[in-house]
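Below are the chains, spelled out letter by letter.
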Amino acid sequence: MSKTKNKLASTIVTGAIVLSGSASQAQTNVQTGLRSSDEIRPFHIKISEAALNDLRQRIKATRWPDKETVKDESQGVQLATMQKLAQYWGTKYDWRKVEAKLNAMPQFVTSIDGVDIYFIHVRSKNKNALPVIITHGWPGSIIEQMKIIGPLTDPVAYGGKAEDAFDVVIPSLPGHGFSGKPTATGWEPLHIAHAWIELMKRLGYKKYVAQGGDWGNAVSETMALIAPPELLAIHTNMPATEPADISKALASGVMPDGLSADEKNAYQQLDFFFKKGVGYANEMSLRPQTLYGLEDSPIGLAAWMLDHDARSYELIVRVFDGQKEGLSKDDILDNISLYWFTKTGVSSARLYWEAAQNAKGGFFDPRNVTIPVAVSVFPDEIYAAPKSWAEKAYPKLIYFNKVDRGGHFAAWEQPEEFSIELRAAFKSVR
């Protein structure tokens, strides 16, 4: 880095809120002058005390709705859970802890197709480490993957073998977290997949693998369809394997005969999700700009993010009831706070709209991926893909395993099991 750039970086690091020079960051626009299109810049985070105080004041001033008229979650996120969350968030939660953890990691930003892409990039000390780009989904973020960075880059310290090491690249999706917010349409999974391929090229990787769940799976599978020669394989914890006959049966409401136990379980999970669990996706795919409350009310944002899938919500309820789970209160609020401070409630929702404009099938429909694919099935995912479906969806299925525990946020909730899965999944392509 030149003396001029060093001076610039120093200026950025002492700025007010989000310190990277990204023109789209929350509440602060730090101008860093002209840059080459492929420049990679260091990134540092510091949310101002004013922003922290504003969050607490907004939480305190929440105008609460009446209590639900049922005794379960069938009307949505329950008042008691949200009030427990608000009490902890507004009085005990400390954002500075996760901010320090993030700033202890190598963070960068680079502009691709006019949008700043933020990413964490941790290289292993093992010179033969396999590079992996890991993509989060919604309502997730880079917070999801923080617990797996150590086990993947330094496996020996976590009970693994040196030859299992990875170099880890974790970007924020456009419109999410510290990445820039697109100001024009067109940033759907195909565009993001091309951007990720360009990112790995800029980092100098001649071979790598990709991993993702939720939108991360859509992006990773699309990268596999593009099939750059550097991409050896992908791993998914939320695969797109729903057979055409199952899709038709779900639409008709009549379960087919002759399903195995795993197939019947997957059918029932999908049936529940499409009938009762997809409301948030419908709204974001149709009218994302209408969600102004996500930008104005932290409690509104939190409730919207909690109402994603039944099993994750049940876990979160238990957490705020004081039970010990794979996620803590701080884990949950780290993620929600990241969305709040970066003002990405609406911009992240637009990914659903973008994808809907270019949809060529259902979210779980097979995409005809022909490069090697590894699948890990967590039981409390939106649906636990049966091996029979995975084998049909992925002709080069190199790994399949059913994990004993974990759900939609597998890396976040069960980092040890998730790390073991990635080591095993990619062993054959090293």
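Scroll up a little and you will see the structure.
Residues numbered from 1 in each chain as written. Predicted model: local features only at pLDDT ≥ 70, side-chain atom pairs only at ≥ 80, totals over all residues. Heavy atoms only, no water.

S.K.: For this particular structure, what's the right way to read the overall build of the protein?
M.R.: When you go through the protein residue by residue, the secondary structure sums to 18 helices and 11 strands. In terms of overall dimensions, the protein is globule-like: its C-alpha atoms have a radius of gyration of 21 Å, near the 22 Å expected for 430 residues. By principal-axis analysis of the C-alpha atoms, the protein measures approximately 70 × 55 × 45 Å. In the protein, which comprises 430 residues, the proportion classed as buried is 55%. Partitioning the intrachain contacts of the protein with sequence separation of at least 6 by distance along the chain shows that 76% fall at a separation of at least 24. Element-wise, carbon and sulfur atoms account for 51% of the exposed surface of the protein, whose accessible area totals about 19000 Å². Side chains of the protein give 48 positive and 49 negative charges; the mean places of these two sets differ by 6 Å. (Helix = DSSP H or I, 4+ residues; strand = E, 2+ residues; numbered from the N terminus. Rg over C-alpha atoms; globule rule 2.2 N^0.38 Å. Buried < 20%, exposed > 50% of the residue type's maximum accessible area, 1.4 Å probe, protein only. Contact = heavy atoms within 4.5 Å. Areas by Shrake-Rupley, 256 points an atom, 1.4 Å probe, with all protein chains shown as cover. Lys, Arg positive; Asp, Glu negative; His and termini not counted. Charge placed at Lys NZ, Arg CZ, Asp CG, Glu CD.)

S.K.: Could you clarify how one ought to interpret the pairing of strand 6 (residues 130-135) in this entry?
M.R.: Side-chain positions along a regular strand alternate between the two faces of the sheet. By the criterion of burial, strand 6 is predominantly enclosed, with six of the six residues buried. Where strand 6 meets strand 7 (residues 166-171), four bridges bridge the pair, whose relative direction is parallel. Each residue of the ladder has a partner; that of Ile133, found in strand 7, is Val169. Handedness of the crossover is the feature at issue here: the chain leaves strand 6, passes through helix 5 (residues 146-153), returns alongside strand 7, and the resulting connection is right-handed. Sheet analysis places strand 6 next to strand 8 (residues 208-212), joined by four bridges and oriented parallel. Each bridged residue has a counterpart across the sheet, and for Val132 the counterpart in strand 8 is Val209. (Pairing = 2+ DSSP bridges. Right-handed = clockwise from strand over helix to strand, strands pointing away.)

S.K.: Help me out: how do you make sense of the pattern of salt bridges in this one?
M.R.: Oppositely charged side chains can pair when the atoms bearing their charge come close. Under the defined criterion, the tally for this structure stands at 18 salt bridges. Its salt-bridge partner being Lys427, residue Asp164 comes within 3.0 Å of it at the nearest N-O pair. One end of the pair, Asp164, is in the loop between helix 5 and strand 7; the other, Lys427, is in the segment after helix 18 (415-425), with 263 residues separating them in the sequence. A relative accessible area of 6% places Asp164 in the buried class. Put simply, Arg367 and Glu221 hold a salt bridge, and the shortest N to O gap is 3.1 Å. A residue pair is termed long-range when its members are at least 10 positions apart, and Arg367 in the loop between helix 15 (345-357) and strand 10 (373-377) and Glu221 in helix 7 (residues 215-226) qualify at 146 residues. Taking relative accessible area as the criterion, Glu221 reaches 0% and is therefore assigned buried. A cluster of three or more residues bridged by salt bridges with shared partners is formed by Glu49, Arg96 and Glu99. (Salt bridge = Lys/Arg side-chain N within 4 Å of Asp/Glu carboxyl O.)

S.K.: Got a minute to help me understand unusual backbone geometry in this structure?
M.R.: Cis geometry is adopted by the peptide bond preceding Pro139, which originates at Trp138 and carries an omega value of 5 degrees. Of note, the phi angle at Asp214 is positive, near 60 degrees, even though the residue is not glycine. Positionally, Asp214 belongs in the loop between strand 8 and helix 7. Positive phi values are uncommon outside glycine, yet Lys343 reaches one of about 55 degrees.

S.K.: For this particular structure, what's the right way to read the side chain of Glu242?
M.R.: Inspection of the secondary structure puts Glu242 in the loop between strand 9 (231-236) and helix 8 (244-252). No salt bridge is formed by the buried Glu242. Its closest oppositely charged neighbour is Arg367, at 11 Å. Polar contacts involving the side chain of Glu242 include one to the side chain of Ser247, which spans 2.4 Å. In this view, Glu242 contacts Ser247, Leu250, Leu270, Phe274, Phe364, Asp365, Pro366, Tyr383 and Trp389; residues no more than four positions away in its chain are not counted. (Polar contact = N/O pair within 3.5 Å; in protein donor to acceptor, adjacent residues only side chain to side chain.)

S.K.: When you look at helix 7 in this model, what are you seeing that I'm missing?
M.R.: Taking 1.5 Å of rise per residue, the 12 residues of helix 7 would be expected to cover 16 Å, and the 17 Å separating its terminal C-alpha atoms lies within 8% of that figure. Burial analysis of helix 7 places 10 of its 12 residues in the buried class, the great majority of the element. Those residues of helix 7 lying buried are Trp215, Gly216, Asn217, Ala218, Val219, Ser220, Glu221, Thr222, Met223 and Ala224. Looking at the buried side of helix 7, the elements it contacts are strand 6, helix 6 (189-202), strand 8, strand 9 and helix 15. Once helix 7 ends, the next one or two residues include Ala227, with phi positive near 55 degrees. (Expected span 1.5 Å × (residues − 1).)

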